[in-house]
Amino acid sequence: MTGHHRARRLYHAALTTVFALGLAACSDVPNTIFGAHSEFGHAEDRLTYLLLTLGGLVFVLVEGLLLFVVLKFRARPGNPTPKQTHGNTTLEVTWTLIPALILAFIAVPTVRTIFQTQEKAPADALQVEVIGHQWWWEFRYPQYKVTTANELYLPVGRTVSFTLQTNDVIHSFWIPQLGGKRDLVHRNKPNYLWFTPESSFVWNGFCAEYCGTSHSNMRFRVFTVPQQEFEAYIAHQQSGPAFPVAQATPADTAKGKGAAPVAAQQVAQTTPAAPGPSENTGTWPHDKLPAWSVPNTPLPAGLTMTAEEGDAARGAQLFKASPCIACHTIQGVSPGTIGPNLTHVGSRTTIGGGLYPNDLKHLAMWIKDAPMMKPGVIMPAMGKDAPQVPGAPPKMGQYTDQQIADIAAYLSSLK
Amino acid sequence: MATTVAAPRAAGPKHKYESGIWSWLATTDHKRIGQLYLYTALAWFLVGGIEAFIIRLQLYGPNGRIVSAETYNQLFTMHGTTMIFMAIMPLSAAFFNFLVPLQIGARDVAFPRLNAFSYWVFLAGSIFMNVSWLFHAAPDGGWFAYAPLNTRVYSPGLNMDFWVIGLQILGLSSLAAGFNFITTIINMRAPGMHFMRMPVFTWATFVTQFLIVLSFPFITVAVTFLLFDRFFGTNFYEIAAGADPLLWQHLFWLFGHPEVYILILPAFGLVSEVLPTFSRKPLFGYPVMVYSLILIAFLGFGVWAHHMFAVGMGPIADSIFGITTMLIAIPTGVKIFNWLGTMWGGSLRFTTPMLFAIGLVSLFTIGGISGVMHSSPPSDLQQTDSYFVVAHFHYVLFGGSMMGLFAGIYYYFPKITGRLMSETLGKWHFWLTFIGMNLTFFPMHFAGLDGMPRRIWQYDANQGWDVDNHISTIGAAILVVATLIFVINLVRSRRSGARAGNDPWGAPTIEWSIPSPPPAYNYATIPTVRSRYPMWDMKAPELTASVPHSPAGEKEVTVKVGGATAGHIETPADTQLNAENAHPSAHELGIVMPTPTIKPLLATLGLCVSFFGLIWHRHVPIIILGGVIFVAALYAWLLTPLEPEH
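Calculation criteria
Residues numbered from 1 in each chain as written. Chains lettered and ligands numbered in written order. Predicted model: local features only at pLDDT ≥ 70, side-chain atom pairs only at ≥ 80, totals over all residues. Heavy atoms only, no water. Helix = DSSP H or I, 4+ residues; strand = E, 2+ residues; numbered from the N terminus. Rg over C-alpha atoms; globule rule 2.2 N^0.38 Å. Contact = heavy atoms within 4.5 Å. Areas by Shrake-Rupley, 256 points an atom, 1.4 Å probe, with all protein chains shown as cover. Buried < 20%, exposed > 50% of the residue type's maximum accessible area, 1.4 Å probe, protein only. Pairing = 2+ DSSP bridges. Core = buried A, V, L, I, M, F, W, Y, C linked by side-chain atoms within 4.5 Å. Salt bridge = Lys/Arg side-chain N within 4 Å of Asp/Glu carboxyl O. Axes fitted to C-alpha atoms, helices over the stretch in contact; angles between N-to-C directions. Parallel < 35°, antiparallel > 145°, perpendicular 65-115°, else oblique. Left-handed = near helix turned anticlockwise from the far one by under 90°. Nonpolar A, V, L, I, M, F, W, Y, C, P; charged D, E, K, R; others polar. Buried area = accessible area lost by both parts, 1.4 Å probe. Phe/Tyr/Trp six-rings, centres within 6.5 Å; stacked < 30°, edge-to-face > 60°. Domains from an automatic or database assignment. Polar contact = N/O pair within 3.5 Å; in protein donor to acceptor, adjacent residues only side chain to side chain.

### Details of the overall build of chain B
Of the regular secondary structure elements, chain B holds 19 helices and 0 strands. Its C-alpha atoms give chain B a radius of gyration of 25 Å, within 12% of the compact-globule value 26 Å for 646 residues. If you line up chain B on its principal axes, its C-alpha atoms span 75 × 60 × 45 Å. Sequence-distant contacts in chain B: of pairs separated by 6 or more residues, those separated by 24 or more amount to 82%. Accessible surface computed for chain B: about 20400 Å², of which carbon and sulfur atoms make up 71%.

Shown next as structure tokens:
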């Protein structure tokens, strides 16, 4: 599988190089738009290739002519007065008509592709609701009643139909390698996008519409996996949280907040049937992630974490009584829906909108002082000695580093 | 052929408006206003350039830490806003002001005071917008300021207040100037200067003013809505109250796309002046060049939604806007070919203005090609909001507008100041700009095709973008050096450049018949124009032998200046003997010129006070005070006689 991908990627890199006039000496272009891995991406690519080819021809023609003129007709001492021409109707008609023809050549496949790619998605397509938040992604699988964040699993070979909405400002959903892009404009009037992933791999996704302070930190990962793995993934996500918290009951969750939003209700409904954590989480093995999908964001200066090890059981107790529950859902534990659903947060590869790798250290530092970790984030700092970032929401917790490590251990255990 | 009358200057006491700082504050002379525009805009160009360079430093490598995310967002917002509204537009305005009356053989614009008002309002708006830096509250919503991010809910600070008010002020300036120049060009052309004899720059100005007058109302409305939302609690863009976020986008781009042509057409006009002069050939296909200007402007109003292919407009709208966008490439392509046709077979002199003009032809072509790529919506979905678009519009705006404007600056500097700019430094400036520009912006094509989104403060390592960004930043450093050379050249040449004479380039249009710098009244006798290229008719009739609208072989001198006898053609060498200001004053010639007045500046100050009151806690007494000053200044303005009493 990997070899196949490598070959494909090399091929795509080669195409990029050819079409991009040979400057792409860069070895790896993991987010290239060329050689996309879906039929939607191919349709876009075909037009882009056509445009690059024709554009390249025009470029060579015009710049070649310019170069010729500049070299040939430079003034030399003793030059006679140049022959005067003030126009030539035939020539001018020609260079009006030729571009028009070229454009007609582009327009026809363009319109055809527009209508093809904007048809209604097949009825049996996998439905995924994408909801943009400042600055993270919420993904819901309404057919499976699963809600997750910042990591999207899609089965290879099955058409996926996205309904795209925003919770606040306009965002744009873009996975360059799978085809793009579509804006998340409205709150109640979704945009649509559908495609069929063709191969199994990890892709980077980005927010492509400027959406405020942390626009650049609104990234996500897409894992396209074989159908069986996808089913395993969904089954696992449908199950309750991995860490047994006997005290919490579904009833607590349902009563949670007056206007418990849809996601929480869905979680509540599925809880009674939850079979508990399954053996196979269906998640992409964390040790087999390609380099480009492992974040390298440096830690902010001035933020420290003294505790190394945490106790998950203590963390679970702390979490239950913490302000965290107001914003985050953990199935059967907490009802909040302002932040990402954390039911299976331990199974994800990144935190903070794709900004940091999901390990104990980063998780703990995130909990301690999220505003330092990600500019503009609305999650307040929780740590006792966490510096208060100017303009950030006031600190909501007074947790010691050890307590934070406990909570991080608990969250990490939620595979 | 300046003047052969070297009369002594008029004696007598000088009015305070005739010299020193007052002569600038109260000026209604289009040439002085043009210079004010020129130097102010160049100053903002430097500010916008510094902003750009900080952006490039931040993006040099992955996870840059030069500036914070908040500052970065302010930088790119202000870079765009500054370059568009405070650098390129007013640089074009500098040429509208300085050149149009000269090119059409007039003594000033139709409404000289309104013209002064336009400048002061522009200056006020640009300062207002930049004062925000002092409060650490520079606008941060992007120059496009999409709703609902621009609303109080998502941008609670002063940042977007500065933007919305600043833009409103700047728009006022452009609109006032737009009506002024339309009136000027329609009504004040010299006898014989009929439309198809107008220099192409004047044509470009004429078309651009229509674009301004027709497109700025959209942004004015959009910004007024936003101003009301932010200050008075209306709900034009409040999503919670049921607003549609796309309302802003449609209004903004209905302005925003014609704006692109507002930025580029004047540069096209300048290049159409420069290329014939240095090719020693008339412009190839003058009528087609004029028609294509008009066609571009007309089609420019029908393409706005190509900025919105990703918002989900549906297949029909996508197709229509895709095709209209393709159509606009046709008249644009024709211009490129006609410029090539102008140079073809010519005798090309590679002076600095010529180099910049050729630079425009070569670089704008690249921007045009990538522009056509965006016209195909499915292909555009992969390009929009990526660095590919950043590459595209910098080829259009830097490779097009700025190259054209630089060509214009080098070409007209002698007319403006009477002195030539240094050719050596000019050539350094050109080559470093050309190389730096390509190094900066060409790799952005690759970054974009490799999936790098726009407007990102940081990017991660291992994304395949490092090399592209390294090169871009190095290119930007070269551009910084190039710009410094330009500034040095400008300052030195202004003080001690070689004397230019009337017509240092052997140019064809009538502004080159009068002294450099021109006297306050421009033309002592309003010229009678019988040709598209009157200067060539006189000096090199063989160049216009076959040009329509030119009296082939007619020996009669058609331009009369400074009371000079017809038929005597002065060479530049002659003129150099005549020191500056050797020409008689308007008073001596009995020419009535508009009086200088400070009232347009006072009216602007009134506006400033009002807007200051608005942003400063919506302080109603200050708002009213500003209104009172404005109305009082207008009243006084109307009571001031237009011309000195005799």
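### As for the pairing of strand β6 (residues 171-175) of chain A
All names here are of chain A. Among the 5 residues that make up β6, 5 are buried, leaving the element largely enclosed by the rest of the structure. Residues H171, F173 and I175 of β6 are buried on one face, and the alternating residues S172 and W174, pointing to the opposite face, are buried as well. Judged from the 2 bridges that link them, β6 and strand β9 (residues 201-207) form a sheet pairing that is antiparallel. Considered in β9, the bridge of W174 is made with F206.

### Some points on the nonpolar core
Ranked by size, the top nonpolar core spans 262 residues in total, and within it A:F162, A:F173 and B:W248 carry the most contacts. Element by element, the count of residues in this core is highest for helix α3 (residues 69-104) of chain B, at 22 residues. Among the nonpolar cores identified, the runner-up in size contains 35 residues, and A:F319, A:L342, A:M373 and A:I404 belong to it.

### Thoughts on the pattern of salt bridges
In total, this model carries 13 salt bridges over all chains according to the counting rule given. One salt bridge connects A:E209 with B:R455, and the closest N-O pair in it is separated by 3.4 Å. In this pair, A:E209 sits in the loop between β9 and β10 (219-225) while B:R455 sits in the loop between α13 (423-449) and α14 (466-496), so the two residues belong to two different chains. Comparing A:E209 with B:R455, the two get one shared label, buried. One salt bridge connects B:K427 with B:E423, and the closest N-O pair in it is separated by 3.6 Å. A residue pair is termed a helical-turn pair when its members lie 3 or 4 positions apart in one helix, as B:K427 and B:E423 do in helix α13 at 4 residues. Accessibility expressed as a relative area gives 33% for B:K427, which makes it partly exposed. Judged by its relative accessible area of 27%, B:E423 is partly exposed. Each member of the salt-bridge network shares a partner with another, and the members are A:E129, A:E138 and A:R140.

### Some points on the packing of α13(B) against α14(B)
Residue and element names in this part refer to chain B. Where α13 meets α14, the closest approach of the two axes is 7 Å, and the angle between their N-to-C directions is 155 degrees. The angle between α13 and α14 falls in the class roughly antiparallel. In this structure, the crossing between α13 and α14 has a hand that is left-handed. Among the residues making up the contact of α13 with α14, the classes are represented as 19 nonpolar, 8 polar and 2 charged.

### Focus: the side chain of B:T433
Within the secondary structure, B:T433 is located in helix α13. When near neighbours in sequence (up to four residues on either side) are disregarded, B:T433 contacts B:F356, B:F398, B:M403, B:L479 and B:A482.

### Examining the interface of chain B and chain A
Accessible area lost upon the coming together of the parts serves often as the stated size of an interface. Counting residues at the interface gives 100 residues for chain B, matched by 97 residues for chain A. Between chain B and chain A lies a buried interface of about 8200 Å² when both sides are counted; carbon and sulfur atoms form 66% of it. Of all residues in chain B, B:F337, B:Q382 and B:L449 bury the most surface against chain A, accounting for 9% of the area lost on that side. Run the count over chain B and chain A and you get 2 salt bridges. Those elements that provide at least two residues to the side of chain B that touches chain A are α3, α7 (246-279), α8 (286-299), α9 (315-343), α10 (352-374), α11 (377-383) and α13 of chain B. Per-element tally for the side of chain B that touches chain A: the top contributor is α9(B), with 14 residues.

### So, the packing of aromatic side chains
All names here are of chain B. One pass over the structure, following the stated rule, counts 81 aromatic pairs over all chains. Centroid distance W431 to F434: 6.0 Å. Interplanar angle 80 degrees. Geometry classified as edge-to-face. Of this pair, W431 and F434 both sit in helix α13, separated by 3 residues, roughly a single helical turn. Given a relative accessible area of 22%, F434 falls into the partly exposed group.

### Digging into the sheet that holds strand β2 (residues 136-141) of chain A
Residues and elements named next belong to chain A. The 5 strands lie next to each other as β3-β2-β1-β5-β8, forming an open sheet whose pairing is mixed. Two strands bound the open sheet, and with one partner strand each, they are β3 (146-149) and β8 (191-195). Ignoring which end each strand starts from, the neighbouring axes of this sheet average 25 degrees apart. Pairing of β2 with β3 involves 4 bridges; the strand directions are antiparallel. Looking at β3, one finds that F139 is bridged to T148.

### Details of the domain arrangement of chain B
Residues and elements named next belong to chain B. Taken domain by domain, chain B comprises domain 1 (20-496) and domain 2 (599-639). Spacing between the C-alpha centres of domain 1 and domain 2 amounts to 30 Å. Contacts between the two partners involve 20 residues from domain 1, matched on the other side by 13 residues from domain 2. With both sides pooled, the region where domain 1 packs onto domain 2 buries about 1400 Å², and carbon together with sulfur makes up 84% of that total. Ranking the residues of domain 1 by area buried against domain 2 places R113, F117 and F231 at the top, with a combined share of 35%. For the interface between domain 1 and domain 2, the tally reads 0 salt bridges. If you look at where domain 1 meets domain 2, you find 2 residue pairs in polar contact (both at pLDDT 80 or more). For the side of domain 1 that touches domain 2, the element with the highest residue contribution is helix α4 (residues 112-131), accounting for 8 residues.

### Thoughts on the environment of B:L295
Tracing the chain through its elements places B:L295 in helix α8. Note: C-alpha distance between B:L295 and B:H194 (101 residues apart in sequence) is 20 Å.

### Focus on the environment of A:R221
All names here are of chain A. Relative to the assigned elements, R221 resides in strand β10. Residue R221 is classed as buried on the basis of its relative accessible area of 3%. C-alpha separation for the pair R221 and G353, spaced 132 residues apart in sequence, amounts to 9.3 Å. Each residue touching R221, except ones within four places of it in the same chain, is listed here: N150, E151, L152, W203, N204, S293, P295, T349, T350 and G354. A polar contact is formed between the side chain of R221 and the backbone oxygen of S293, at a distance of 2.9 Å.

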